[in-house]
Amino acid sequence: MQLLLVEDDLPLASSLRQALQKTGYAVNHVGTGNSALHAVKVERPDIVVLDIGLPDIDGIAVLKKLRATDKTLPVLLLTARDSVDDKVVGLDSGADDYLAKPFEMTELFARLRVLERRLSTVKTSEITIGQVCLDTVDQRVTFHGQELELARKEYMLLKSLMENAGRVMTRPTLENRLYSWGEEVSSNAVEVHIHHLRKKFGNDFIKTIRGVGYKLDAAQV
Ligand code: CA
């Protein structure tokens, strides 16, 4: 899940970034409204966390510009001002949700999970393909009914593939979902995670589409 964090308060941005990355998000951070608009144009993230008080153009104006071309990109607004007016203006401008500072990290994670669920084509928290069952709320994975421990990136990769079963996921797409800008990524990082997943779920579970990427068949027994 790739998240664009738009926040000019650098200490806050860096602690948010760390906490979100630990939870498995790939986080890209910008500190101004204009750089946010540019970042979305270059590469559309899955979710935007947008501070209202920004140094160049405020978050509401950024949101309106985003909405002019993109009605569906999920946007969670952050603001220091806990006023009803801001909330109404924010939601009227097309925000999907709203969080007033200061907030607990757990509250932010909970709101993001709701947005994520809305994004997913799968509407229940449980996705089952063949003998593999993944619960996106509890973040648990079972194989033949046995719970398996997965490394964070392995879990995120498996989740991306399962949520998009039947579709080919390219290597760059998967890489973007797993890693943040500037994060050291070896050229075969995705392959290595796939290799580990195959050790756990067998070689046939994830198909390699040569020269393109990977795919899970939705109908597996
Ligand atoms: Ca701010």
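Residues numbered from 1 in each chain as written. Predicted model: local features only at pLDDT ≥ 70, side-chain atom pairs only at ≥ 80, totals over all residues. Heavy atoms only, no water.

**Student:** Any chance you could explain the sheet that holds strand β11 (residues 207-209) here in plain terms?
**Tutor:** In a beta sheet, neighbouring strands pair by backbone hydrogen bonds and run either parallel or antiparallel. The strand order across the open sheet built from three strands is β10-β12-β11, with neighbouring strands paired in antiparallel fashion. For this open sheet the edge positions go to β10 (168-170) and β11, each flanked by a neighbour on one side alone. Neighbour to neighbour, the strand axes of the sheet diverge by 35° on average, direction disregarded. Note that β11 and strand β12 (residues 213-215) share three bridges and pair antiparallel. Residue I209 lies in a different strand from β12, and its bridge partner there is G213. Of the strands in this sheet, β10 and β12 are in contact with helix α7 (residues 171-178), which crosses β10 at around 70°. The strands touched by helix α8 (residues 189-201) are β11 and β12; relative to β12, the strand with the most contacts, the crossing angle is about 30°. (Pairing = 2+ DSSP bridges. Helix = DSSP H or I, 4+ residues; strand = E, 2+ residues; numbered from the N terminus. Axes fitted to C-alpha atoms, helices over the stretch in contact; angles between N-to-C directions. Contact = heavy atoms within 4.5 Å.)

**Student:** Is there a simple way to think about the coordination of the calcium ion in this case?
**Tutor:** For a metal bound by four donors in a tetrahedral arrangement, the ideal donor-metal-donor angle is 109.5 degrees, while six donors in an octahedral arrangement ideally sit at 90 or 180 degrees. Taken together, D8 (OD), D51 (OD) and G53 (O) make up the full set of protein donors to the calcium ion, lying 2.1 to 2.3 Å away. Taking relative accessible area as the criterion, D51 reaches 3% and is therefore assigned buried. (Donors = N, O, S within 2.8 Å, 3.2 Å for Na, K, Ca; no water. Buried < 20%, exposed > 50% of the residue type's maximum accessible area, 1.4 Å probe, protein only.)

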